[in-house]
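A look at the structure
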Amino acid sequence: MSTTPNNTNGEHCFTVTHPFHPLCGHSFPLLSQSRAWGEERVFFADPQTHQIRSLPLAWTSLAPPDPFLVVAAGKTVLRFEDIGPLNQMLNVLPAHQKEDQ
């Protein structure tokens, strides 16, 4: 851990916000924040094992707000690039339902 830069941006704790993570909703003291494994990560001490763990910054309350969602102001949650794959998936769905009947 001594090689991990202490770049905490003035924050002292964070909350896990990723909805599928088992620690979602739990808050932890922030030990440090740095780039590791190709992404920005937060480091914290596991309260049960006392080992240093890390999570992607994007999975925490320290992540900057998504510019698309800020501009959308609650009017939409789908980006243009999300609509194409969703449309393809929905077009395939009825074909599978007909086969099952």
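No experiment lies behind these values; they were computed from the predicted model shown. (Residues numbered from 1 in each chain as written. Predicted model: local features only at pLDDT ≥ 70, side-chain atom pairs only at ≥ 80, totals over all residues. Heavy atoms only, no water.)

In this section: the nonpolar core. Among the nonpolar cores identified, the biggest contains 10 residues, and these are Phe14, Val16, Leu23, Phe28, Leu30, Val42, Phe44, Leu55, Leu57 and Leu62. Excluding residues within four positions of it along the chain, valine 16 makes contact with His21, Leu23, Cys24, Gly25, His26, Phe28, Leu55, Trp59 and Thr60. (Core = buried A, V, L, I, M, F, W, Y, C linked by side-chain atoms within 4.5 Å. Buried < 20%, exposed > 50% of the residue type's maximum accessible area, 1.4 Å probe, protein only. Contact = heavy atoms within 4.5 Å.)

For strand S4 (residues 39–45) and strand S5 (residues 52–56), the ladder comprises five bridges, and the chain directions are antiparallel. When the sheet's bridge partners are listed, valine 42 is paired in S5 with leucine 55. What sits between S4 and S5 in their antiparallel hairpin is a turn of six residues, with histidine 50 showing a positive phi close to 65°. (Pairing = 2+ DSSP bridges. Helix = DSSP H or I, 4+ residues; strand = E, 2+ residues; numbered from the N terminus.)

Examined against the element boundaries, arginine 41 turns out to sit in strand S4. When its relative accessible area of 12% is taken as the criterion, arginine 41 is described as buried. Of note is the side chain of arginine 41, whose polar atom sits 2.9 Å from the side chain of serine 54. In contact with arginine 41, other than residues within four places in its own chain, are Ser32, Gln33, Ser34, Ala36, Ser54, Leu55, Pro56 and Leu57. (Polar contact = N/O pair within 3.5 Å; in protein donor to acceptor, adjacent residues only side chain to side chain.)

In this section: the pattern of salt bridges. Throughout the structure, instances matching the rule amount to three salt bridges. Of the charged contacts, one joins aspartate 46 and arginine 53 as a salt bridge, the two residues approaching to 2.9 Å between their closest N and O atoms. Its salt-bridge partner being aspartate 66, residue arginine 79 comes within 1.9 Å of it at the nearest N-O pair. Of the two residues, arginine 79 is situated in the loop between helix H1 (67–72) and helix H2 (80–100) and aspartate 66 in the loop between S5 and H1; the sequence distance between them amounts to 13 residues. On the accessibility criterion, arginine 79 (23% relative accessible area) is partly exposed. With relative accessibility at 28%, the residue aspartate 66 sits in the partly exposed group. (Salt bridge = Lys/Arg side-chain N within 4 Å of Asp/Glu carboxyl O.)

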